[in-house]
Amino acid sequence: MKKIDISSSINGIKLSSCIMNASGVLCCTEKELSEILMSSSGAVVTKSCTMVPRKGNLEPRYFEWNIGSINSMGLPNLGIDFYLNFLDRKKPKKPFFLSISGLSIEENYQLISKANISPNINAIELNLSCPNLVEKKNQVSLGYDFEKIYDFLKNIFKFYNKPLGVKLPPYFEDFHFEKMALILNQFPICFVTCINSLPNGLFVDTNKETTVLHPKKGFGGIGGRVIKPFSLANIRKFYVSLRKDISIIGCGGICYGKDIFEHILCGASAVQVGTQFFKEGIRVFDRLKNEFISILKEKNYSSIEEFKGKLNVI
Ligand code: RRO
């Protein structure tokens, strides 16, 4: 019988499985990260970190329903030193992506400088798209600030010389996709992760006539099954417009093996699981792997390279 290989490469970083966790979900503490290291996920991504630990927003700050989730976590994390120390102690056998999300451009430079001298990091996933910071209520997130982002990336690549990917917010306009691709194509970006949660959703409790979240008057980032069409659109748009050496990591709406197939068909080289990981726990990686392998068997594919990006338009 034909051997089915679901390994992948993110611009040269080898993953034994193309399925990994999404930053933010169950990847903040020692226990959570250790569990991911021992699982069948192809890599580990940390919760986005800042220079100093943060408690995040007030609770309730997460809610899920049958087809989605809403969160306003507010960047709770243990601080960059914890994640670098964890990495140095554990020396993971799978790629380790440090997600960073400074509260200012200056803080991002400090975080990136620290990561730059850490010997064991495989890549930074620079989060340009946190939707929930109460202290930045009137500021546009960097991923939507097309003026600032060019200079920001230019300055980073003056001193940073390891692999760096960016986690993008969802875009909706052709003009924005084109503008972002034009910017990213000018830098030695290793990968883009599409997409972060859809910002500023609102979920209402009909019985209580209230919001379900407390921070930011109930508004929060939407994730889960309901956002899959937006993930696929963002993956596809960037797959056709980015340089071919920039890998795409799909994120958003992965619940079943077939969702992984769709992300890869649109152009992703790997996928991240967020809401469904939170719902199901660590066994989600084995289940998704088995379902994905079954689909490849049915379709007679033996590796993801055979169909990656090969979406047909009818
Ligand atoms: O912590 C959060 O509120 C959060 C972050 Br940093 C992010 O990037 N995406 C999200 O949905 N929540």
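It should be emphasised that the depicted structure is a prediction, and the values quoted were computed from it without experimental measurement.

Engineer: Can you break down the sheet that holds strand E5 (residues 62-65) residue by residue, with the values?
Structural biologist: Reading across from one edge, E5-E6-E14-E11 is the order of the 4 strands in this open sheet, with antiparallel pairing throughout. Either end of the sheet is taken by a strand with one partner, and the two such strands are E5 and strand E11 (198-202). Within the sheet, the average angular offset between the axes of one strand and its neighbour, ignoring direction, is 35°.

Engineer: Account for the packing of helix H5 (residues 174-184) against helix H6 (residues 228-241), with residues named and values stated.
Structural biologist: Where H5 contacts H6, the two axes come as close as 10 Å, and the packing angle between them is 45°. Viewed along their axes, H5 and H6 adopt a mutual orientation that is oblique. Pair H5 / H6 crosses with right-handed handedness. For the pair formed by H5 and H6, the contact residues are Asp-174, Phe-177, Met-180 and Ala-181 on the first element and Asn-234, Lys-237, Phe-238 and Ser-241 on the second. Residues that form the contact of H5 with H6 fall into these classes: 4 nonpolar, 2 polar and 2 charged.

Engineer: Can you lay out the site of the ligand for me, pointing to particular residues and giving the numbers?
Structural biologist: By nearness alone, every residue bordering the ligand is listed as Lys-47, Asn-71, Met-73, Gly-74, Leu-75, Pro-76, Asn-127, Cys-130, Pro-131, Asn-132, Asn-196 and Ser-197. Between the ligand and Leu-75 there is a distance of 2.8 Å, counted from an oxygen atom to a backbone nitrogen or oxygen. Within the side chain of Asn-196, a nitrogen or oxygen atom sits 2.8 Å from an oxygen atom of the ligand. Contact with the protein chains removes 92% of the 320 Å² of surface that the ligand exposes when unbound.

Engineer: Outline the environment of Gly-221, listing residues and values.
Structural biologist: Among the structural elements, Gly-221 can be located in strand E14 (residues 219-223). Residue class for Gly-221 comes out buried when judged on its relative accessible area of 0%. Separated by 25 residues in the primary sequence, Gly-221 and Asn-196 place their C-alpha atoms 8.2 Å from one another. In this view, Gly-221 contacts Ser-69, Ile-70, Asn-71, Pro-131, Asn-132, Ser-197, Leu-198 and Pro-199; residues no more than four positions away in its chain are not counted.

Engineer: Lay out the packing of helix H7 (residues 257-266) against helix H9 (residues 284-298) with the relevant residues and their values.
Structural biologist: For any two helices packed against each other, one specifies the crossing angle of their axes together with the interaxial distance. Direction vectors running N to C along H7 and H9 enclose 65°, while the axes themselves pass 7 Å from each other. The interaxial crossing formed by H7 with H9 has right-handed handedness. Contact residues: H7 offers Gly-257, Lys-258, Ile-260, Phe-261 and Ile-264, while H9 offers Leu-288, Glu-291, Phe-292, Ile-295 and Leu-296. Residues belonging to the contact of H7 with H9 are distributed by class as follows: 7 nonpolar, 1 polar and 2 charged.

Engineer: Can you break down the sheet that holds strand E16 (residues 270-273) residue by residue, with the values?
Structural biologist: Pairing within the open sheet is parallel, and its 8 strands lie in the order E3-E16-E15-E10-E9-E8-E7-E4. Of all the strands in the sheet, the pair left with one neighbour each is strand E3 (19-21) and strand E4 (44-45). Here strand E9 (residues 164-168) pairs with strand E10 (residues 191-194) via 4 bridges, running parallel. Looking at E10, one finds that Val-166 is bridged to Val-192.

Engineer: Quick one: what's the story with the side chain of Gln-276, residue by residue and with numbers?
Structural biologist: Along the chain, the position of Gln-276 falls in helix H8 (residues 275-280). For Gln-276, the side chain forms a polar contact with the side chain of Glu-280, separated by 2.7 Å. The contact partners of Gln-276, leaving out residues within four places of it in the chain, are Ile-254, Cys-255, Gly-281, Val-284 and Arg-287.

Engineer: With reference to specific residues and values, describe the pairing of strand E7 (residues 96-100).
Structural biologist: E7 sits mainly inside the fold: 5 of its 5 residues count as buried. Side chains Phe-96, Leu-98 and Ile-100 project from E7 onto one buried face, and the interleaved Phe-97 and Ser-99 project onto a second face that is buried too. Pairing of E4 with E7, which is carried by 2 bridges, proceeds in the parallel orientation. Paired with Val-44 across the bridge in E7 is Phe-96.

Engineer: Describe unusual backbone geometry, naming the residues involved and giving the relevant values.
Structural biologist: Looking along the chain, the bond that leaves Glu-59 and enters Pro-60 is cis, with omega of 0°. Counting through the fold element by element, Pro-60 comes out in the loop between E4 and E5. The linkage connecting Cys-194 with the following residue, Ile-195, adopts the cis geometry, with an omega of 15°. Within the secondary structure, Ile-195 sits in the loop between E10 and E11. Non-glycine residue Asn-200 carries a positive phi angle of around 60°. One can find Asn-200 in strand E11. Among the residues examined, Asn-200 registers a relative accessible area of 48% and is labelled partly exposed. Backbone geometry places Asn-300, a non-glycine residue, at a positive phi of 65°. Mapped onto the elements of the fold, Asn-300 is located in the segment after H9.

Conventions we followed
- Residues numbered from 1 in each chain as written.
- Predicted model: local features only at pLDDT ≥ 70, side-chain atom pairs only at ≥ 80, totals over all residues.
- Heavy atoms only, no water.
- Pairing = 2+ DSSP bridges.
- Helix = DSSP H or I, 4+ residues; strand = E, 2+ residues; numbered from the N terminus.
- Axes fitted to C-alpha atoms, helices over the stretch in contact; angles between N-to-C directions.
- Parallel < 35°, antiparallel > 145°, perpendicular 65-115°, else oblique.
- Left-handed = near helix turned anticlockwise from the far one by under 90°.
- Contact = heavy atoms within 4.5 Å.
- Nonpolar A, V, L, I, M, F, W, Y, C, P; charged D, E, K, R; others polar.
- Near = heavy atom within 4 Å.
- Polar contact = N/O pair within 3.5 Å; in protein donor to acceptor, adjacent residues only side chain to side chain.
- Areas by Shrake-Rupley, 256 points an atom, 1.4 Å probe, with all protein chains shown as cover.
- Buried < 20%, exposed > 50% of the residue type's maximum accessible area, 1.4 Å probe, protein only.

That's the geometry; what it means functionally is another story.
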